[in-house]
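Structure assessment
Here's the letter readout for the chains.
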Amino acid sequence: MGWEEKQVRGYLEFAQTAQRYHGRPIFALFCGDKDAEGKSWCPDCVTAEPIVRKELHNMPDESVFIYCLVGDRAYWKDPNNEFRKNLKLTAVPTLLKYGTPQKLVEEECFKAELVRMLFTED
């Protein structure tokens, strides 16, 4: 079966997608919005995305990978945004295993071995 990827923007789309795949392993990468050239306002996200993508093949069968854009910088910096309040995110990029406390934040997402461990360990 392998895995599948869903790209979403904003908290509502993320929550709806996570609900739709309830019962399957869900991994999510949260990054800052991208400009017309496809470059995120968050330099760490630019660094992390290719590293995370290179490890996606290590996700368990039937996994869903949600690539979620959190919004523009001003929205992200608001301490009351829905990602901070509802998912307790503190920084982007954040890679997490949904429904568990397991997550990698900022520079941790630059380490392929940590990404691989998040995808492969129960």
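What follows concerns helix H2 (residues 43–55). Of all bends in H2, the biggest is about 25°, found at glutamate 49, and the proline proline 50 comes one to four residues later. Taken together, the buried positions of H2 are occupied by Cys45, Ala48, Glu49, Val52 and Glu55. Tucked into the core, H2 has its buried residues touching strand E2 (26–31), strand E3 (64–69), strand E4 (94–97) and helix H5 (112–120).

Reading across from one edge, E1-E3-E2-E4-E5 is the order of the 5 strands in this open sheet, with mixed pairing throughout. The open sheet has two edge strands, strand E1 (4–9) and strand E5 (103–105), and neither has a second partner. Between one strand axis and the next, the sheet turns by 15° as a mean value, whatever way the strands run. As judged from the 4 bridges shared by E2 and E4, these two strands associate in the antiparallel manner. Looking at E4, one finds that leucine 29 is bridged to leucine 95. Taken strand by strand, helix H1 (residues 11–20) contacts E1, E2 and E3, and its axis lies near 150° from that of E1. Across the sheet, H5 touches E2, E4 and E5, and the angle it forms with E4 is around 25°.

Here we come to the packing of aromatic side chains. Taken as a whole, this structure holds 5 aromatic pairs when the rule is applied. Between phenylalanine 30 and phenylalanine 83 the ring centres are 5.8 Å apart and the planes differ by 70°, which places this aromatic pair in the edge-to-face class. Taken together, the residues span a long stretch of sequence, with phenylalanine 30 in strand E2 and phenylalanine 83 in helix H4 (residues 82–87) at a distance of 53 residues. Taken as a pair, phenylalanine 30 and phenylalanine 83 share a single burial class, namely buried. Three or more aromatic residues joined by ring pairs form one cluster here, namely Tyr11, Phe14, Phe30, Phe83 and Tyr98. Sitting above the plane of the tyrosine 67 ring, arginine 53 keeps its charged end 5.1 Å from the centroid. Cation over ring: arginine 84 sits above tryptophan 76, and NZ or CZ is 4.2 Å from the ring centre.

Among the nonpolar cores identified, the biggest contains 36 residues, and Phe14, Phe30, Phe65, Ile66, Phe83 and Leu95 are the most heavily contacted of them. The set of elements that each furnish at least two residues to this core consists of H1, E2, H2, E3, H4, E4 and H5. Filtering out sequence-adjacent residues up to four positions away, isoleucine 66 remains in contact with Lys6, Val8, Phe14, Thr17, Ala18, Ile26, Phe27, Ala28 and Leu29.

For the rest of this paragraph, the subject is the environment of proline 43. Counting through the fold element by element, proline 43 comes out in helix H2. With 11 residues separating them along the chain, proline 43 and glycine 32 place their C-alpha atoms 9.0 Å apart.

Note that glycine 2 resides in the segment before E1. Relative accessible area serves as the criterion here: at 23%, glycine 2 is assigned to the partly exposed category. A C-alpha to C-alpha distance of 9.3 Å links glycine 2 and valine 64, two positions 62 residues apart in sequence. The contact partners of glycine 2, leaving out residues within four places of it in the chain, are Pro60, Asp61, Glu62 and Ser63.

About the criteria used
The numbering scheme is per chain: residues are counted from 1 as the chain's sequence reads. Given that the model is predicted, a residue must reach a pLDDT of at least 70 before its local features are reported, and side-chain atom pairs must reach 80 or more before they are shown or counted; all residues, however, enter totals for whole chains, interfaces and linings. Each side-chain value is derived from all of the structure's non-hydrogen atoms; neither hydrogens nor water enter the calculation. What is called the bend at a residue is the angle between a pair of axes, fitted to the seven residues leading up to and ending at it and to the seven starting from it. Strands are runs of DSSP state E lasting at least two residues, helices are runs of H or I lasting at least four, and both sets are numbered from the N terminus onward. Relative accessibility thresholds used throughout: buried, under 20% of the residue-type maximum; exposed, over 50%; partly exposed, between the two (1.4 Å probe, protein chains only). In this description, contact between two residues means that some pair of their heavy atoms is separated by no more than 4.5 Å. Strands are treated as partners if at least two bridges between them are detected by DSSP. To define axes, lines are fitted to C-alpha atoms, for helices over the stretch in contact only, and angles between the resulting N-to-C directions are given on a 0 to 180 degree scale. Two aromatic rings, drawn from Phe, Tyr or Trp (for Trp, its six-membered ring), form a pair once their centres lie within 6.5 Å of each other, and the interplanar angle then sorts them: stacked below 30 degrees, edge-to-face above 60, tilted otherwise. The criterion for a charge sitting over a ring is simple: Lys NZ or Arg CZ within 6 Å of the ring centre, and within 35 degrees of the ring normal. The term nonpolar core refers to a set of buried residues drawn from Ala, Val, Leu, Ile, Met, Phe, Trp, Tyr and Cys, joined through side-chain atoms within 4.5 Å.

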